[in-house]
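The residues making up each chain are set out below.
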Protein chains: 6
Amino acid sequence: MVDLDDLVKSALAEDLGRGDLTSRAVIAPDVRCRATALAKAAGVVSGLIPFSRTFTEVDASVVVELLVEDGDEVEEGTELAHVSGPARSVLAAERVALNFLGHLSGVATLTRRYVRECEGTGSAILCTRKTLPGLRALEREAVGHGGGRLHRAGLDDGILIKDNHVRLAGGVAEAVSRAKENAPHTLRIEVEVETLDQLEEALSAGSDVVLLDNADLDTVKRAVEVVDGRAPLEVSGGVRLEDVADLASAGDVLISVGRLTHSAPALDVSLELEG
Amino acid sequence: MVDLDDLVKSALAEDLGRGDLTSRAVIAPDVRCRATALAKAAGVVSGLIPFSRTFTEVDASVVVELLVEDGDEVEEGTELAHVSGPARSVLAAERVALNFLGHLSGVATLTRRYVRECEGTGSAILCTRKTLPGLRALEREAVGHGGGRLHRAGLDDGILIKDNHVRLAGGVAEAVSRAKENAPHTLRIEVEVETLDQLEEALSAGSDVVLLDNADLDTVKRAVEVVDGRAPLEVSGGVRLEDVADLASAGDVLISVGRLTHSAPALDVSLELEG
Amino acid sequence: MVDLDDLVKSALAEDLGRGDLTSRAVIAPDVRCRATALAKAAGVVSGLIPFSRTFTEVDASVVVELLVEDGDEVEEGTELAHVSGPARSVLAAERVALNFLGHLSGVATLTRRYVRECEGTGSAILCTRKTLPGLRALEREAVGHGGGRLHRAGLDDGILIKDNHVRLAGGVAEAVSRAKENAPHTLRIEVEVETLDQLEEALSAGSDVVLLDNADLDTVKRAVEVVDGRAPLEVSGGVRLEDVADLASAGDVLISVGRLTHSAPALDVSLELEG
Amino acid sequence: MVDLDDLVKSALAEDLGRGDLTSRAVIAPDVRCRATALAKAAGVVSGLIPFSRTFTEVDASVVVELLVEDGDEVEEGTELAHVSGPARSVLAAERVALNFLGHLSGVATLTRRYVRECEGTGSAILCTRKTLPGLRALEREAVGHGGGRLHRAGLDDGILIKDNHVRLAGGVAEAVSRAKENAPHTLRIEVEVETLDQLEEALSAGSDVVLLDNADLDTVKRAVEVVDGRAPLEVSGGVRLEDVADLASAGDVLISVGRLTHSAPALDVSLELEG
Amino acid sequence: MVDLDDLVKSALAEDLGRGDLTSRAVIAPDVRCRATALAKAAGVVSGLIPFSRTFTEVDASVVVELLVEDGDEVEEGTELAHVSGPARSVLAAERVALNFLGHLSGVATLTRRYVRECEGTGSAILCTRKTLPGLRALEREAVGHGGGRLHRAGLDDGILIKDNHVRLAGGVAEAVSRAKENAPHTLRIEVEVETLDQLEEALSAGSDVVLLDNADLDTVKRAVEVVDGRAPLEVSGGVRLEDVADLASAGDVLISVGRLTHSAPALDVSLELEG
Amino acid sequence: MVDLDDLVKSALAEDLGRGDLTSRAVIAPDVRCRATALAKAAGVVSGLIPFSRTFTEVDASVVVELLVEDGDEVEEGTELAHVSGPARSVLAAERVALNFLGHLSGVATLTRRYVRECEGTGSAILCTRKTLPGLRALEREAVGHGGGRLHRAGLDDGILIKDNHVRLAGGVAEAVSRAKENAPHTLRIEVEVETLDQLEEALSAGSDVVLLDNADLDTVKRAVEVVDGRAPLEVSGGVRLEDVADLASAGDVLISVGRLTHSAPALDVSLELEG
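Attention in this report is confined to the structure presented alongside it. Here the residue index of a chain counts from 1 through its sequence in written order. Whichever chain is written first becomes A and whichever ligand is written first becomes 1, with later ones labelled in order. Under the rules for a predicted model, residues below a pLDDT of 70 receive no local features and side-chain atom pairs below 80 are neither given nor counted, while totals for whole chains, interfaces and linings still include all residues. Values reported for side chains reflect all heavy atoms of the structure, with hydrogen atoms and water molecules removed beforehand.

1. Here we look at the interface of chain D and chain C
Here is step 1: Taken together, the 64 residues of chain D in the interface contact 64 residues of chain C.
Here is step 2: By buried area we mean the combined loss of accessible area, with a 1.4 Å probe, across both parts when two parts are placed together. Buried area between chain D and chain C, both sides added, is near 5,200 Å², and the carbon and sulfur share of it is 58%.
Here is step 3: Any carboxyl oxygen of Asp or Glu that lies within 4 Å of a side-chain nitrogen of Lys or Arg is treated as forming a salt bridge with it. At the boundary of chain D with chain C, the tally comes to 4 salt bridges.
Here is step 4: Under the rule applied, a polar contact is a pair of N or O atoms within 3.5 Å (in protein, one hydrogen donor and one hydrogen acceptor; residues adjacent in sequence only if both atoms are side-chain atoms). Viewed at the interface, chain C and chain D are joined by 34 residue pairs in polar contact (both at pLDDT 80 or more).
Here is step 5: In the scheme used here, Gly and all other residues not listed as nonpolar or charged are polar, with Ala, Val, Leu, Ile, Met, Phe, Trp, Tyr, Cys and Pro taken as nonpolar and Asp, Glu, Lys and Arg as charged. Of the residues assigned to the side of chain D that touches chain C, the class counts are 33 nonpolar, 16 polar and 15 charged. The contact criterion used throughout is that any non-hydrogen atoms of two residues lie within 4.5 Å.

2. Concerning the environment of T22 of chain E
Here is step 1: Secondary structure elements follow DSSP: runs of H or I no shorter than four residues count as helices, runs of E no shorter than two count as strands, and numbering proceeds from the N terminus. Residue placement: T22 of chain E occurs in helix α2 (residues 21–26).
Here is step 2: Categorising residues by exposure relies on relative accessible area from a 1.4 Å probe, with only protein chains included: less than 20% of the type maximum marks a residue as buried, more than 50% marks it as exposed, and the intermediate range marks it as partly exposed. Given a relative accessible area of 0%, T22 of chain E falls into the buried group.
Here is step 3: Here the alpha-carbon distance between T22 of chain E and L91 of chain E, two residues 69 residues apart in the chain, equals 9.8 Å.
Here is step 4: Excluding its chain neighbours within four sequence positions, the residues that come into contact with T22 of chain E are I27 of chain E together with R152, L155, G158, I159, L160, I161 and H165 of chain F.
Here is step 5: Within the structure, the side chain of T22 of chain E is placed 3.1 Å from the backbone nitrogen of L160 of chain F, a separation counted as a polar contact.

3. Points about the sheet that holds strand β3 (residues 63–66) of chain B
Within a sheet, each strand pairs with its neighbour through backbone hydrogen bonds, oriented either parallel or antiparallel.
All names here are of chain B.
Here is step 1: Paired strands, as defined in this entry, are two strands with at least two bridges between them according to DSSP. A sheet is described by the order of its strands in space; here 4 strands give the open sequence β3-β5-β1-β12, paired in antiparallel fashion. Unpaired on one side and paired on the other, β3 and β12 (269–273) mark the two borders of the sheet. The sheet shows a mean angle of 20 degrees between the axes of neighbouring strands, direction not considered.
Here is step 2: Alignment of strand β1 (residues 32–39) against strand β5 (residues 79–86), held across 7 bridges, turns out to be antiparallel. Its bridge partner lying in β5, A35 is registered against V83.
Here is step 3: Axis geometry follows a simple rule: fit a line to the C-alpha atoms, using only the stretch in contact for helices, then measure angles between N-to-C directions, giving values from 0 to 180 degrees. Along the sheet, helix α3 (residues 48–58) contacts β1, β3, β5 and β12; its crossing angle with β3, the most-contacted strand, is approximately 160 degrees.
Here is step 4: The strands touched by helix α4 (residues 87–118) within the sheet are β1, β5 and β12, with β5 carrying the most contacts at an inclination of about 155 degrees.

4. Quick notes on the relation of the copies chain B and chain C
Here is step 1: What sets the superposition is a least-squares fit of C-alpha atoms, and only residues with pLDDT of at least 70 in both copies go into it. For the match of chain B to chain C, the screw axis carries a shift of 0.1 Å, the RMSD comes to 0.0 Å, and the turn is 180 degrees. These values place the two chain copies in the arrangement generated by a two-fold rotation axis.
Here is step 2: A share of 95% of the interface residues of chain B reappears at the interface of chain C, consistent with the copies meeting face to face through the same patch.

Structure below.
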């Protein structure tokens, strides 16, 4: 939560610099206004907290009344929030507040689309570490608002042995064995494999979870059979929205999708002044 | 430049937290590696400096050799950089470095597509303040690498009277007049209008630049005639790639495009270990 | 506004260090006091906000009641504010609060003297970037309280081509031409010249504003004729208080004065304990 | 020393903001230059370290060669330093570097004038806590360069019982007695008095040092007699340059002067481009 | 006080990182709880302020009701505070809050034991600069709560010439003489000696205080005679609890004890959930 | 690693404040010295990196030559490091550097004693979150140097359901079940129990690890039988050095010990000037 304050402050600093010259020149200091945040397209809302915090950071007297909740699915034209207060303050915060809301709602909206494709299966959608610099915590919450599940938050809260680790360690079994020896007892060991042979090697070495990267649908199906419930199976690798339903039906898999966070188009949101 | 260091540090803090548990568990501290950053799709490169800085911030002994320059157009499979050093350090920085490079190259690539559509006209593509929180300076550079032009960087380095200001001030002429009276003599006055009448009112009131928002192609053409060279004319409002050529040909206009920065999909880049 | 908090905190840290040893040793923790800030000389007040903030930063329970406003002209002996609260807190903040108030009122007072000399003319007094490190924003406000106008706030919110730029660019016309090509469309181009020939060259090259540096009164008068309303004319260079009236009468010029901020003597202010 | 870096960075941030627009627009990135810092008036130099650090903070490749030392007395026209490096970097740092040098040399110069007046006596000039917010450490060094002596640096490294403390404690003797009981054994007790009676009371109560505030010359002379070597005697209160010689000759006193730091006019310094 | 906030924030950041995974997984967000902090051993309490601040820093809605005061001597089983609020917030802050309280109460408790041994003598117990990095201010307060007296807080608020200084200066007399010449007039001069000859040398040179290091009881007694009230005498050097009474009775000495802060075992404190 | 720099800087700031008055007064700026860090008692070394960094942070020209490594067991009198450089710099850093080294070596030394008692068994010693505020990362390394194993580093990198969580969740089984549902797939679930019934309940509910708190030796032995290799078993609760051997022999258990970090007495280390 401390982080959010810092993030909002730094986003405001980036935009405001030494202050809003236009409002100072054009609007008298005592003018007040009331405005409404609108969704100009359908989607899933996320980012209401940084949206709201941006206004109150600029001016604690601005009042933001939220009309929906993070995670809500809204139609085009839905009113998301009312904002009222000194006009200079509202206008100074407007752009940054919308930048948060538009991006995070974009992430939630794309996630929801992927999640919809998994409905009725035992599979789940996960985010990855392919996030935009500085925005990971918020983007992870947006994925949650969209219905996705979380993966580890960083390099320090999970063991995921990737292909590069495997290569440097000299093989899947050796890498898993080292991890079991050195990792804290509180963490599971997950290892990335690219073939079914490696998958079997990983399980034999005692890996707790296996990640199958860049496999086609058939390979995933055969991997599900190989694993046979011995461990959770994660799949990844450029998973497109049109392919996710088939993948989700191939077995109970964890599907991790980088584009949820690195390529989600913004949801179109705006702030309309009343009166 | 100070900002870049802070940004890189905070992006690393976000990912590394208390350190890379996997590498510590699996890779011996004295193992070294050499890797290559690859473009896995065609595009325009941007972000080589934060990419490089991320590695050296983690470990000053990592050497990054850049093989292309920001702004270069590359084919799928192009090698972008060599990275060599202690394996733990290279792997600790990999994801954050790629997150910078992928996003910024995505922005540059999309910008270049828009710019291409304007070639041979007197029109130009500009970015807006619709940037992702914390990343504005880098995204603006990426727009430059893509061939776009810059608008004001924030609320404090330009006067742009938007529709909300006009409403609060009581009209275009009144708003322009106040701005001329109060703004520093070093700044031009730009005002946003929505109709040709307002456009004429803005010019009469002495506005130095006019921004026509959300106008259709015909209106833009007529606006060009109305302005008749008296001031630069900027147009904006959800400009799609397929429409930009016509717009650019409607006259010498400044076309500002929010999606360059808020909705550009990442360019697919990866780091391949050698040997 | 964030900046002000940081500035107050750092000024307090500078003075308080690990705490006020004298008050701790001499005054019981529950003693309260009431004090009055006095102007011990006539002048223009500025800095009431940092003055007030310094007390509340030390102890949020201290109450500061302002009796005048920034920009007010006061006589010797005028009461400026009442301060009441725990005595240890009031005394801990006293010196830093007065240091802000004395310096900024000094700047406002000197500015007012210059501004008085321009009354009845179309000329104005401007501040420069010759400010004391860390204090620019406050000093600029103090200039405003004194009746002065603002110039650009820093290197990033205006284009002012100085003599050194002209030399490195290879001449006035070339420098102006480059600036017109590269600068954002939101900024005017101002160029510094030293002769009337250069002035003409600047205007021909399309400079929006011209700064004439270190010229004598006659040259300024001739410059006004040369410009003939084509662009604003700024003059600068060690302008003394005794010369400013003549300069202001030479035509409608912008007179920028470094000593407003770098050499204004402090206004004598003190805090008197009541009872 | 950490402090200096922070101070230089924040002074640069204040001036540079998002960067030097003019140099970027007008000067090619590979142009280099060489410049000379000049004293345009006679004075005592101080601030060479922050001057130099400002350039290298902007760009570590800029080379600053100092031609004089802090504390040196220079004539008008003296060359103080050579600066060479990328032109954009030199020009970006110029103003901030000169702002440091001009202000601090102004403090040193004024201090030297006061010190000169004491030559041949046993009296000394001291600075006070009436410094400009954020600049105390540098201003104290400047006072040292001018030949002044230092007082306590803040509220936490000395015991100085001022008039307000005396009033709240209920008298000089009571205040001194409390201080002797509560202060660390490493500190002397100094108390401010306004009359000779109080002075005697202070000494009787065991004060280690006495400060006589706002006394006329005769009173100071009599105070010297009263003290009679039992303790150091400090005098303060609007001491003007024209009065200091008499004061210094009244006995061996410590003369503290607020205007050394709060009202010293800047020394005129500039940076001249060569070639 | 600013420091305390930073310290609490950084201690929380250290423990919370990206948040409390267990509470998030196991406890619903709207569950509230009430808990009691207990002393599980007898001792002297210190650290109630950072204890309390830790909870409110995590969540301003948590209410901490203190049942004892810093400096109170408590029995095993004493209730120290009630804490109530959202369960997730209380549990997130618990460990850090207890870490402060346990350590600081440990310091106060050990100090009190030493102080008890001095009762009825004119001697006092002092802390040293042998504190744990980052915790000095709090540990010094804990020493005060235990009844100890304070020494200088750092290298900048006192003159203490240690054996290494003496060696580098070329002797006790020379070192004292330099200090008298160069130190501000507000500070006493203290010098560390190891023999009675050095002690006499120190006093003759005008040292205001003498520190006798690592002397046995007899030497201390003789030192008291040598000093004969001419100056305060401090003794130090691995003073054990069982030896302090004899030392305190040897004369009126200041006994400084490093282990008060560097080796005090924590007081056992815990937080018990009610209901 | 960034953290270490910040920690060293803040520990130095705490001690140095505005600078070392004694060295400035007594030692000429050009005096150099050479000193040796000595262990004045036997123990295990830890903290050489912060020790060394403290000197170079004060002055990059100070050279520290390490003579032992972290984790080395040393006899009384062992030379640990040579330090040479400007005398003022060495003395300014001395105390803080030793404070790090003494405390961390104390932690490593105590840990080694506990670890010794487990030799020849399958049990291990672990640290806890009962660390001193701000010092956790260094203390955890010190535990590693002593031969201990690590537990989770904070609340965000592991799931440990404590008694308070169990109570609020309504029982062991319910708490474990919630954790399995909500926690990331990368983490094991550990739950604290107090009875053998709860232990069985935890295993049945699918807990991956069980922590038995405050049990006597017999209960631990029976717990080992109950668990029978189904999951790792951790034991905790005021484990004294004299009891640890029996505990370690009761079965293969993880023994977590708070006093390693919250109550380890400092190792006596000093810096002796040569010559």
